[in-house]
Amino acid sequence: MADQCMLLPMPDNGDAGELRNAGPGPARAPRLKEPNRKQFVMDSLDLDKLIPADHLARGIWALVDSLPTEGFLKENKSVEGHAGRPRTSPKMLLAMWVYSYSQGMGQAREIEREMDYEPALRWLAGNAMLSFRTLSEFRMAHEQALREVFAELLGILDKEQWIDLSELTLDGTKIKANASGG
């Protein structure tokens, strides 16, 4: 054992935590590049390159963009020439819901969380961050109009043979509960 060569020179005082450069000289601390997760990062982003040209979100946008959405603006009070901020586009919100449903997301809070990670949602929103309240209020305020639009979308998709509606199922489980004696 005594005739084995050392890979790294050991400090003279026996302190293994202190490293020394090869050769004579004083002990030096290692210089490391550590991640700084508290820094503010400004980055450029090309939204159009977030998703490929043939991505489902682009098809959904094109489809929703071709639909009449005036019904979503019946109670709109945000108009040009008057005070107030602009409303969020109903086409954008509709496209967000259609895409989210197609990906198995059905809750506004879930969509809001996924917007940080899902490039297609960022693309559809134009990188605007939407709150779950905006998404939920849109769905609740336009429940009937959304039903009609979804029925129209299903008709278009079936006509173009992008989906097969020959067999539809509804998942509904009824469970008897013993919540009260009455």
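Residues numbered from 1 in each chain as written. Predicted model: local features only at pLDDT ≥ 70, side-chain atom pairs only at ≥ 80, totals over all residues. Heavy atoms only, no water.

Structural notes on the overall build of the chain
Operational definition: Helix and strand labels come from DSSP, where a helix needs a run of H or I of at least four residues and a strand needs a run of E of at least two; each type is numbered from the N terminus. Whether two residues are in contact is decided by their heavy atoms: any pair within 4.5 Å suffices.
The helix and strand inventory of the chain stands at 6 helices and 0 strands. Tracing the chain from N to C terminus, the helices and strands come up as α-α-α-α-α-α. Nonlocal contacts in the chain, meaning residues at least 24 apart in sequence, comprise 59% of its contacts between residues at least 6 apart.

Focus on the nonpolar core
Note the threshold: By nonpolar core is meant a set of buried Ala, Val, Leu, Ile, Met, Phe, Trp, Tyr and Cys residues that side-chain atoms within 4.5 Å join together. Accessibility here uses a 1.4 Å probe with only protein chains present; expressed as a share of the type maximum, an area under 20% marks a residue as buried, one over 50% as exposed, and anything in between as partly exposed.
Core analysis: the biggest nonpolar cluster contains 32 residues, and L94, M96, I111, L130 and L135 have the highest contact counts within it. Elements supplying a minimum of two residues to this core: helix 1 (56–65), helix 2 (90–102), helix 3 (108–114), helix 4 (119–124), helix 5 (132–141) and helix 6 (143–159). Tallying contributions element by element places helix 2 first for this core, with 8 residues. Those residues in contact with L135 that sit more than four places away from it in its chain are L93, M96, W97, A108, I111, E112 and L130.

Brief notes about a nonpolar patch on the surface
As a reminder, the rule being used: Only residues whose relative accessible area exceeds 30% and that take part in no salt bridge are eligible for patches, with like-charged residues grouped when within 9 Å of each other and nonpolar side chains (Val, Leu, Ile, Met, Phe, Trp, Tyr) grouped when within 5 Å. Note that accessible areas follow from Shrake-Rupley with a 1.4 Å probe, and for residues the cover is restricted to the protein chains shown. Any carboxyl oxygen of Asp or Glu that lies within 4 Å of a side-chain nitrogen of Lys or Arg is treated as forming a salt bridge with it.
On the surface, a cluster of nonpolar side chains totalling about 310 Å² of accessible area is made up of L154, W162 and I163. Topologically, L154 is positioned in helix 6. Overall, L154 belongs to the partly exposed group, its relative accessible area being 41%.

A few points about the packing of helix 2 against helix 6
Note the threshold: Working convention: axes come from line fits to C-alpha atoms, limited for helices to the stretch in contact. Angles between N-to-C directions cover 0 to 180 degrees. Small angles under 35 degrees read as roughly parallel and large ones over 145 as roughly antiparallel, with 65 to 115 read as roughly perpendicular and the rest as oblique. A clockwise turn of the near helix away from the far one marks a right-handed crossing, whereas an anticlockwise turn of less than a right angle marks a left-handed crossing. For this scheme, ten residues count as nonpolar: Ala, Val, Leu, Ile, Met, Phe, Trp, Tyr, Cys and Pro. Four count as charged, namely Asp, Glu, Lys and Arg, and the remainder, Gly too, count as polar.
The interhelical angle for the contact between helix 2 and helix 6, taken along N-to-C directions, is 60 degrees, at an axis separation of 12 Å. Regarding the angle of helix 2 to helix 6, the classification is oblique. For the crossing formed where helix 2 meets helix 6, the hand is right-handed. Here helix 2 contributes L94, V98 and Y101 to the contact with helix 6, which in turn contributes L146, V149, F150 and L153. Grouping the amino acids of the contact of helix 2 with helix 6 by side-chain chemistry returns 7 nonpolar, no polar and no charged.

Some words on the pattern of salt bridges
This structure, assessed with the given rule, holds 4 salt bridges. Between D65 and K91 there is a salt bridge, and its shortest N-O distance comes to 3.3 Å. Here K91 lies in helix 2 and D65 lies in helix 1, a separation of 26 residues in the sequence. Ionic pairing is found between R147 and E143, a salt bridge with its closest N-O pair at 2.9 Å.

Quick look at the packing of aromatic side chains
Stated formally: Ring geometry is summarised as follows: Phe, Tyr and Trp rings, the Trp one being its six-membered ring, pair when their centres sit within 6.5 Å, and such pairs are stacked at plane angles under 30 degrees, edge-to-face over 60 and tilted between the two. To sit over a ring, a charge needs its Lys NZ or Arg CZ within 6 Å of the ring centre and within 35 degrees of the ring normal.
Summed over all chains, the structure comprises 2 aromatic pairs. Taken together, a centroid distance of 5.4 Å and an interplanar angle of 40 degrees make the contact between W97 and Y101 tilted. You can see W97 and its partner Y101 sitting in helix 2, 4 residues apart, about one turn around the helix. With relative accessibility at 0%, the residue W97 sits in the buried group. Taken together through their ring pairs, the aromatic side chains of W97, Y101 and F150 make up a single cluster. For R109, the ring lying beneath its charged end belongs to F132, and the centroid distance is 3.8 Å.

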